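Now for the letters of each chain:
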Amino acid sequence: MILEYSEQQIVGLVHNRSVSYFEQCLTFGDRLLQEERRALYKYLLESNKDFYKVQAKTLLAEGKVSRTIANGQAIYSVKNSQVTYSAYGLQSEIFSIDVRQIRLSKFRLLNEIRLRKFFAQGDIDIIRNFPLPSRYLREENGFGISVYPFYTLAYYANGKNYLKGIIKKLKTNDKEILTKLRTL
Amino acid sequence: MPIKLSKIIPKALFTTPKIPSVAVVGLMVVEYVILSNVIAPEPKCTLNVERPHYSTYLKETRNIDAIKLNITSECNVPQDYTEVESSIRKLENGQQVVVYAPGLERRESSKSDPKKAEFRDLFALCRLGKSMSYVGSARGLVYLKGGGTIPVKDDSGIFRAANCGIGAQ
């Protein structure tokens, strides 16, 4: 069945529909809980799987790719077998050069898998620092990140005992927030 | 009638240096070293950990109950960023228990004040109506612009009560 709407009806539909939990998260910025950021990372990794795959292929082929999410932009580039990304606010003077880095291996498939995780982490950093405008005024601080990315064991171990990190990772449960992201 | 300078001062004075040029250069170097040490202050940084408090800002803007920890690092010279490991501990049966430890966090200095880095997004959910006493602490490194690091640490002092319990059932 093909539904046809006039432009006015579409505007009405857009305004009447409730904002999803994911869309709300895009406005929270520094008011996101760490648990929410981690769940968002997992959510983006699964929901953007194909998109990240295309991005990874473009980056490996052309050496540069950019991505806009929330109110910011990430520019990824390859130099000396290393991928870095820089972050820029679309309506802000805040920016950060070479926020994170990962080293590329000789294996293309492995690189694509690692880059997908790197992109998802980059998206989370952008969402945290450059949220979509909301009715609440936001004080602009410098660019901030969790030093250990979610895709490393160092995050769960806080850079220390990796055995404890494995246990913590196994114990970490983000099902509740993930369900909210998938359904609401 | 104008008098020529060479007639008043002997010509030899202009052509023959009284102090060897090597000594002049040496003196200039000594002067530069002394002046640069006097003008450029020794880099110093301090960390300020505020007491963990119930966040009305998060209640108003997100309708969540949370205990917030504000941390600021400030130097007398511009900094690139600060990295801190922070925690909130509560007092339970006379014992200190860590209830919030967000891991290693990095915050770049603000564009308006490059000597300062402010952590304003450290908070943990809590249950309103459950009074608990908290203390906040942090330690880390300040990375200065132009290189060099300075270790910093601080805590919020004595345990103070807040009417919201982290991890309370």
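Residues numbered from 1 in each chain as written. Chains lettered and ligands numbered in written order. Predicted model: local features only at pLDDT ≥ 70, side-chain atom pairs only at ≥ 80, totals over all residues. Heavy atoms only, no water.

*Asks:* Give me the lowdown on helix 4 (residues 49-62) of chain A, citing residues and values where you can.
*Replies:* All names here are of chain A. Between the first and last C-alpha of helix 4 there are 20 Å, a value that for 14 residues agrees with the 20 Å anticipated at 1.5 Å per step. Restricting attention to buried positions, one finds in helix 4 the residues Tyr52, Gln55, Ala56 and Leu59. Angularly, the buried residues of helix 4 cover 100° about the axis, an arc narrow enough to put them on a single face. Residues of helix 4 that are exposed and point more than 90 degrees away from the buried face comprise Asp50, Val54, Ala61 and Glu62. (Helix = DSSP H or I, 4+ residues; strand = E, 2+ residues; numbered from the N terminus. Expected span 1.5 Å × (residues − 1). Buried < 20%, exposed > 50% of the residue type's maximum accessible area, 1.4 Å probe, protein only. Arc of directions from axis to C-beta.)

*Asks:* Any details on the packing of aromatic side chains? Residues and values, ideally.
*Replies:* Residue and element names in this part refer to chain A. Here the structure, examined in full by the defined rule, presents 13 aromatic pairs over all chains. With a centroid separation of 4.7 Å and an interplanar angle of 80°, the aromatic rings of Tyr76 and Phe119 are classed as edge-to-face. Placement of the pair is Tyr76 in strand 2 (residues 72-79) and Phe119 in helix 5 (residues 108-129), with a sequence separation of 43 residues. There is no split in this pair, since Tyr76 and Phe119 are both buried. On the basis of an interplanar angle of 80° and a centroid distance of 6.1 Å, the ring pair of Tyr85 and Phe118 is categorised as edge-to-face. Within this pair, whereas Tyr85 is found in strand 3 (residues 82-89), its partner Phe118 is found in helix 5, the two being separated by 33 residues in sequence. (Phe/Tyr/Trp six-rings, centres within 6.5 Å; stacked < 30°, edge-to-face > 60°.)

*Asks:* For the state of the cysteines, give the residues involved together with the corresponding values.
*Replies:* Residue and element names in this part refer to chain B. Tallying each qualifying case throughout the model produces two disulfides over all chains. There is a disulfide in this structure between Cys45 and Cys75, and the S-S distance comes to 2.1 Å. For the disulfide bridge between Cys45 and Cys75, the dihedral angle about the S-S bond is near 105°, and by the sign convention the bridge is right-handed. One end of the pair, Cys45, is in strand 1 (residues 45-49); the other, Cys75, is in strand 3 (residues 66-75), with 30 residues separating them in the sequence. Given the relative accessible area of 7%, Cys75 is considered buried. A disulfide bridge connects Cys126 with Cys164, and the sulfur atoms are separated by 2.0 Å. Here the S-S torsion is close to 90°, and the disulfide linking Cys126 with Cys164 is therefore right-handed. With a gap of 38 residues between them, Cys126 in the loop between strand 7 (116-125) and strand 8 (127-144) and Cys164 in strand 10 (residues 160-165) connect regions that are remote in the sequence. There is no split in this pair, since Cys126 and Cys164 are both buried. What links to what in chain B: the bonded cysteines, counted in sequence order, pair as 1-2, 3-4. (Disulfide = S-S within 2.5 Å.)

*Asks:* With reference to specific residues and values, describe the pattern of salt bridges.
*Replies:* For the structure on display, the rule yields 16 salt bridges over all chains. One salt bridge connects Arg108(A) with Glu112(A), and the closest N-O pair in it is separated by 3.8 Å. Of the two residues, Arg108(A) and Glu112(A) are both situated in helix 5; the distance of four residues between them amounts to about one turn of the helix. Across the salt bridge formed by Arg120(B) and Glu118(B), the nearest N and O atoms sit 3.3 Å from each other. The exposure class assigned to Arg120(B) is buried, which follows from its relative accessible area of 17%. Its relative accessible area of 16% is what places Glu118(B) among the buried residues. Through salt bridges with shared partners, a single network forms among Arg128(A), Glu105(B), Arg107(B) and Asp121(B). (Salt bridge = Lys/Arg side-chain N within 4 Å of Asp/Glu carboxyl O.)

That's the geometry; what it means functionally is another story.
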